[in-house]
Structure formats: structure tokens, C-alpha cells
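Inside the fold
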Amino acid sequence: MSSPYKRAIQTVQPLANQLNVEIEMNSQLEERVLSSESLSDWMEKLRETFDDRSLKFEGGESSEDAASRIVEVVESALKSEYEHTVVVTHGNLLALLLNHYDKQFSFDEWKNLSNPDVYLLESHKNEVTFVRMEINKI
């Protein structure tokens, strides 16, 4: 399943073609809106939202709110009948998901994400773990 944003679809389309599967669009995977206003210091504002997960700027979404969207999608996928699910989203939302499962994944780790970046999430006995995949080995 994928964010409906064009760049997300373009990222997963080759895999969908290879596996001969349809891409399921999910608006819950859209990138987080930090603010509806242009913020010249957006990077610092974003850092603040990692430190204060309930902080919300004008027209934007708190880290808490954004994380709940993607966690709901991933938890549902982990409980589904499918053995594997590919979830395609955007960097900030991905970072918030990973932070949900490991509080050590912070703003600094978000800054170190590559584009694209791939993480394998696994659930064992209701505990979710993840590992960063080397893209050239996928």
C-alpha cells in the first residue's frame, strides 16, 4: 500500500509490476503537514515536534497525530492474513513510525534517512522490531 503522492507511487511501481499486484492507495500514508504557513525555521520547528510530540503549528499536525495514522496502518497490516506487506510513505511519517517502536529513533535519525529508504519491520509476540535494509541488496 502506498501514499497517493506521485513520488511514492513511482517508487513502488516497479515492484508492483514485478509482483503483478495492484498498488492500494491509502491517504493515511500521506506526508505529515508541519504547518499551513511557510516557516523559515521549519527545521528547528520540526525538531521541536520530536521533543514535544503534542506540539502543533498553525494548520499542521502534531507528531502524535501523524504517528497515530501510520501506526494504525502498520498495526492493521501486521494483523492481516498477508505474510508480507509493503508500505510506502514519506520520510517524516516513517521516522515517527520508527520512533513509535523505538524512542531512540529521533530527529537526528530522521535527518539521516536516505531517499528512498527501506526498513523491514517484524512482529513477534506483539513486539515490533525493525532493521534498516541495504537498498542494493533488495
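Nothing here was measured: the structure is a model prediction, and the numbers come from that model.

A word on the nonpolar core
The biggest cluster of nonpolar side chains holds 25 residues, and the ones touching the most others in it are Phe50, Trp110 and Leu113. Every element with two or more residues in this core is listed here: α2 (42-51), α3 (63-79), α4 (91-101) and α5 (107-111). The greatest single-element share of this core, amounting to 7 residues, is contributed by α4. Among all residues touching leucine 113, those that are not within four sequence positions of it are Gly91, Leu94, Ala95, Phe105, Tyr119 and Arg132.

Describing the side chain of serine 35
Positionally, serine 35 belongs in the loop between α1 (6-19) and α2. Separated by 3.0 Å, the side chain of serine 35 and the backbone nitrogen of glutamate 37 make a polar contact. Only 2.9 Å separates the side chain of serine 35 from the backbone oxygen of glutamate 58, close enough to count as a polar contact. If we skip the residues at most four places from it in the chain, serine 35 touches Phe57, Glu58, Gly59 and Gly60.

Observations concerning a negative patch on the surface
A cluster of acidic residues, Glu44, Asp51, Asp52 and Glu64, forms a negative patch on the protein surface. Within the secondary structure, glutamate 64 is located in helix α3. A residue is classified by how much of its surface remains accessible, and glutamate 64, at 44% relative accessible area, is partly exposed.

Quick notes on the pattern of salt bridges
A full pass over the atoms with the stated rule returns 5 salt bridges. Between lysine 45 and aspartate 41 there is a salt bridge whose closest N-O contact spans 3.6 Å. Judged by its relative accessible area of 35%, aspartate 41 is partly exposed. The closest approach of N and O atoms between aspartate 117 and arginine 132, which form a salt bridge, is 2.5 Å. Here arginine 132 lies in strand β2 (residues 127-132) and aspartate 117 lies in the loop between α5 and β1 (119-124), a separation of 15 residues in the sequence. What makes arginine 132 partly exposed here is its relative accessible area of 40%.

A closer look at unusual backbone geometry
A cis geometry characterises the amide bond from asparagine 115 onward to proline 116, with omega recorded as 0°. Within the secondary structure layout, proline 116 lies in the loop between α5 and β1. Backbone geometry at lysine 125 places phi at a positive 50°, although glycine is not the residue there. Phi is positive for asparagine 126, close to 65°, though the residue is something other than glycine.

Analysis parameters
Residues numbered from 1 in each chain as written. Predicted model: local features only at pLDDT ≥ 70, side-chain atom pairs only at ≥ 80, totals over all residues. Heavy atoms only, no water. Core = buried A, V, L, I, M, F, W, Y, C linked by side-chain atoms within 4.5 Å. Buried < 20%, exposed > 50% of the residue type's maximum accessible area, 1.4 Å probe, protein only. Helix = DSSP H or I, 4+ residues; strand = E, 2+ residues; numbered from the N terminus. Contact = heavy atoms within 4.5 Å. Polar contact = N/O pair within 3.5 Å; in protein donor to acceptor, adjacent residues only side chain to side chain. Patch = residues over 30% accessible without salt bridge, like charges linked within 9 Å, V, L, I, M, F, W, Y side chains within 5 Å. Areas by Shrake-Rupley, 256 points an atom, 1.4 Å probe, with all protein chains shown as cover. Salt bridge = Lys/Arg side-chain N within 4 Å of Asp/Glu carboxyl O. Lys, Arg positive; Asp, Glu negative; His and termini not counted. Charge placed at Lys NZ, Arg CZ, Asp CG, Glu CD.

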